[in-house]
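# Summary of the model geometry
Now for the letters of each chain:
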Amino acid sequence: MTHIVSTAEEAVSSIRDGCTILMGGFGNAGQPFELIDALIDTGAESLTIVSNNAGQGDAGLALLVKERRVRRIICSFPRQKDSWHFDAAYRAGEIELELVPQGNLAERLRAAGAGIGAFYTPTGYGTELARGKETRTIEGKNYVLEYPLHGDFALIKALHADEVGNLQYRKTARNFGPIMAAAASTTIVQVADVLSVGAIDPEHVVTPGIYVDTVVALPGPPSTTGNHRTEAPHE
Amino acid sequence: MTHIVSTAEEAVSSIRDGCTILMGGFGNAGQPFELIDALIDTGAESLTIVSNNAGQGDAGLALLVKERRVRRIICSFPRQKDSWHFDAAYRAGEIELELVPQGNLAERLRAAGAGIGAFYTPTGYGTELARGKETRTIEGKNYVLEYPLHGDFALIKALHADEVGNLQYRKTARNFGPIMAAAASTTIVQVADVLSVGAIDPEHVVTPGIYVDTVVALPGPPSTTGNHRTEAPHE
Amino acid sequence: MNKPLTRDELAKKVAADISPGSYVNLGIGQPTKVADYLRPEQNITLHTENGMLGMGPEAQDSQVDEDLINAGKIPVTETPGASYFHHADSFAMMRGGHLDVCVLGAFQVSARGDLANWSTGSPDSIPAVGGAMDLAVGAKAVFVMMSLFAKDGTAKIVPDLTYPVTGLGCVTRIYTDHGVFLLSGSGASSTLILHEAFGLPAEEIAARLDVEVQLDHKLGSSAEAHFQSPVQPV
Amino acid sequence: MNKPLTRDELAKKVAADISPGSYVNLGIGQPTKVADYLRPEQNITLHTENGMLGMGPEAQDSQVDEDLINAGKIPVTETPGASYFHHADSFAMMRGGHLDVCVLGAFQVSARGDLANWSTGSPDSIPAVGGAMDLAVGAKAVFVMMSLFAKDGTAKIVPDLTYPVTGLGCVTRIYTDHGVFLLSGSGASSTLILHEAFGLPAEEIAARLDVEVQLDHKLGSSAEAHFQSPVQPV
């Protein structure tokens, strides 16, 4: 059942030290900046984060990394031109990295939500990212066995929710939202607005409310990342 | 690339004896009756059909079975109160049945479209439908290994297509359409109408045109199965 | 209460035991009747495995739309807040453990929670499984509704299934005309508890089953079974 | 033509070799430039792995929308007939063999079509893979764009990769400043054919590679390479 709460602080209040958090976003698109700011304020640490990137610039996930709240990150593309906080933590040996090809990351999340125990993927076969993993040849093609990736929490951003938690996203900000929502025990969503029940056409629901536990409306222009915390550009 | 053709006959003209056809529909909802009628007229035989049911009443898949064009059917629920044509063929030993739990049927189709080599599913473990199949215990839970289900063709029904093949479905007639479209080498779709490019909101596309090869518009009230061929009720 | 429950009374009891706000799948047959007893204030969302959340009551007259059917292929209606999705997404929802409760009919249930409900095993029958095996493995709680005794008087709660298996160790509660049973633990350490008894003394029910049954402490050792407050809704 | 191709000429050549109506993914870096040379009448649909088909050109000024970006996180635009989908669906599309062509940059390609493009293997670099390995395995045709020789003069087409593998046996064509190479067959029986040569005699190109190269019969044994008609578009 979906609960609508009124502040980001309330939305993330049950996150504790050591939790695994699936964090939506591809770069800044779909990154739940305000939820991450609130998460920083909880003081939770030793977190495991699953996210496509490891944060960029001086906002959102990058700040969480900067504050050394992330013990371990599972992601596909940590190193970017503006990933200085991750880079520093990594070079200092203060963050553990599990690098996963992007499609395997997505499919492992999908498997977690879909009750699949493991699956054979062709991606990564013969590469160092498959080292030590079980492989199999099926109909002449080579595959690597990969396992689901569950989260204690998912923190994602959508465009709209209705009062029963059905979600719609916006353009490429959809990215990991739907699969993370299904892969976490508790899914927390920030949206631009909460619509009344029936306002979303049942044919156009992207994430059904069954996957959504907590919704907080954080109004702001949908095409920007909102009023989230940022810091001065990196020196 | 999607081709828009003007008749059901033209749409199915490349189907040959011995093909494997993924056939949309759950009961009558989403069943592509007019495409099946056209398929019957091609005379193609020794077909393998993948479909949730084995036809009901005296229309669509039931007629294809009645005409003994189906050598083998892979489905989850063949036996219904009005599945007399299947029942007769089965009891006469004139059709081969592979019974698959419905969710495994869906997931095997999804795997075929998604390039997954095989997957571990909990469904069917310990049952006679998993007899002889490979099993594995993962994190204390038991799973059966299942393989993808590809089709030479998919015959499905949608509500709208646009000129580049993007599809929208209608209510529970969506059922197997999206996963069959992705699992077949050639996907043939009957729709109520073909809209101009741009008429479908990119956020509301259910099946992207990349999965659609041939579209035929067969106007008719969208909430009925259309003017497909039927026969007098079974004696 | 010293009478066995009617089918309607049983459906009403199951409905009352479902927590407010739950997502529920009601199997074909007897479980369908549970929908009639769900109260609006329970705010239950019904799932149908052919691709919908927010299924409403059976369609009447002009509401009938053959694109909107339930898993039994009966025309149904849509409630506000509904959503449609394809079969792989629908069964991912079931298999992934997202439904709170699934209510199923059964031929037999074992004392370990094994379920048989898809096939009589009769050699001349045409097999059909549908979503039975998926429903059995996926929901957080699997309730079975059935009569406790077959027509020949034998109990349908058995030490080991003699009918073909649908799912192993999956049933969490058994609602029958003569009693409600709770299953806890799993495998060899599982426990079957008779929580309420109807129409027969609890001890007699236990004696007629060929499996070990614990009596709920509220049932005590009284010779006459009595109506109990419902179990904690799930 | 007796000059090596510029990057723009190479992009134009790749663009011309893509069949009308194709669904195409252009990797980050040099392949992005191919989009500039796709002609409207080719009717190409661009895929970006972060969840979109029908990607348009880079966004300008007021078009910039940070919810609409490509895989390189550059703001882009939407074309009519576009669609959005989530990451699992997007990578299912790639891995499932639905894209007709994918164009990638590379550090090295082996004569068997093995690709290295995700990591230099430098011990002090921070690794990042993104969708590189998915793109390599999934598309029906995988085109590589790169310079034929590294700055130190060594060829980037090699007998065996010395850089970390992205995908094995996946490359079907190699477009370089000095020539277009076609790969056919697979594994030990694969063949590398020099189809066109630019700026150097075909024989010299072949001689500078440490792998066996067949010269396309149109290149003959002429000492001077000449411009060829394009290969059959795929």
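To be clear, the structure that these remarks concern was listed above.
A brief report on the enclosed structure follows. This structure is a prediction, so every number in the text was calculated from the model and none was measured. Numbers given for residues are sequential positions, taken from 1 along each chain in its written order. Each chain takes a letter, starting from A, and each ligand takes a number, starting from 1, following the order in which they are written. Residue-level local features of this predicted model are given only where pLDDT is at least 70; pairs of side-chain atoms are given and counted only at 80 or more, and the full residue set underlies all totals for whole chains, interfaces and linings. In computing side-chain properties, one takes all heavy atoms of the structure into account and sets aside hydrogens as well as water.

On to the interface of chain A and chain D, then. Chain A puts 47 residues into the contact, and the matching count from chain D is 34 residues. Considering only the surface of chain A that becomes buried against chain D, A:Phe26, A:Lys171 and A:Thr172 emerge as the three largest contributors, covering 19% of it. The term salt bridge refers to a side-chain nitrogen of Lys or Arg lying within 4 Å of a carboxyl oxygen of Asp or Glu. Our count for the contact surface shared by chain A and chain D stands at four salt bridges. The partner of D:Asp65 in a salt bridge is A:Arg170, and the shortest N-O contact between them spans 2.6 Å. We call two N or O atoms a polar contact when they sit within 3.5 Å, provided that within protein one can donate a hydrogen and the other can accept it, with sequence-adjacent residues counted only if both atoms are side-chain atoms. Where chain A packs against chain D, one counts 18 residue pairs in polar contact (both at pLDDT 80 or more). Strands are runs of DSSP state E lasting at least two residues, helices are runs of H or I lasting at least four, and both sets are numbered from the N terminus onward. Secondary-structure elements contributing two or more residues to the side of chain A that touches chain D are helix H4 (84-91), strand S5 (96-99), helix H5 (102-114) and helix H6 (177-183) of chain A. For the side of chain A that touches chain D, the element with the most residues is H5(A), which contributes six residues. Two residues form a contact once any of their heavy atoms are found within 4.5 Å. What counts as buried area is the accessible surface, traced by a 1.4 Å probe, that two parts surrender upon association, with contributions from both included.

Turning our eyes to something else, we now look at the interface of chain A and chain C. As a measure of interface size, the accessible area lost when the parts come together is often cited. Listed as interface residues are 20 residues of chain A and, on the opposing side, 20 residues of chain C. Across the interface of chain A and chain C, roughly 1500 Å² is buried in total on both sides, 59% from carbon and sulfur atoms. Three residues stand out in chain A for area buried against chain C, namely A:Met1, A:Pro202 and A:Ile210, and they jointly supply 40% of the buried area on that side. Counting every contact that joins chain A to chain C gives zero salt bridges. At the boundary of chain A with chain C, the tally comes to seven residue pairs in polar contact (both at pLDDT 80 or more). Of all the elements, H5(A) adds the most residues to the side of chain A that touches chain C, at three residues. When residues are grouped by polarity, Ala, Val, Leu, Ile, Met, Phe, Trp, Tyr, Cys and Pro land in nonpolar, Asp, Glu, Lys and Arg in charged, and all others, Gly among them, in polar. For the side of chain A that touches chain C, the residue count by class is 11 nonpolar, six polar and three charged.

Okay, unusual backbone geometry next. Its identity is not glycine, yet B:Ser46 carries a phi of approximately 55°, on the positive side. Along the chain, the position of B:Ser46 falls in the loop between helix H2 (33-42) and strand S3 (47-50).

Another point: the sheet that holds strand S11 (residues 179-184) of chain D. All names here are of chain D. Pairs of strands are assigned from DSSP output, requiring at least two bridges between the strands. Taking strand neighbours across the sheet as the criterion, the 10 strands line up as S4-S3-S2-S1-S5-S8-S10-S11-S12-S13 in an open arrangement whose pairing is mixed. Of all strands in the sheet, those with a lone pairing partner are strand S4 (76-84) and strand S13 (214-215), marking the two edges. Of the strand pairs in this sheet, strand S1 (residues 23-26) and strand S2 (residues 45-48) are connected by three bridges, and their pairing is parallel. The residue bridging valine 24 from the neighbouring strand is leucine 46, located in S2. In this analysis, axes come from line fits to C-alpha atoms, helices being fitted only over the stretch in contact, and the angle between any two N-to-C directions falls in the range 0 to 180 degrees. Along the sheet, helix H1 (residues 7-16) makes contact with strand S5 (101-105), strand S8 (141-146), strand S10 (173-176), S11 and strand S12 (191-197), crossing S8 at roughly 170°.

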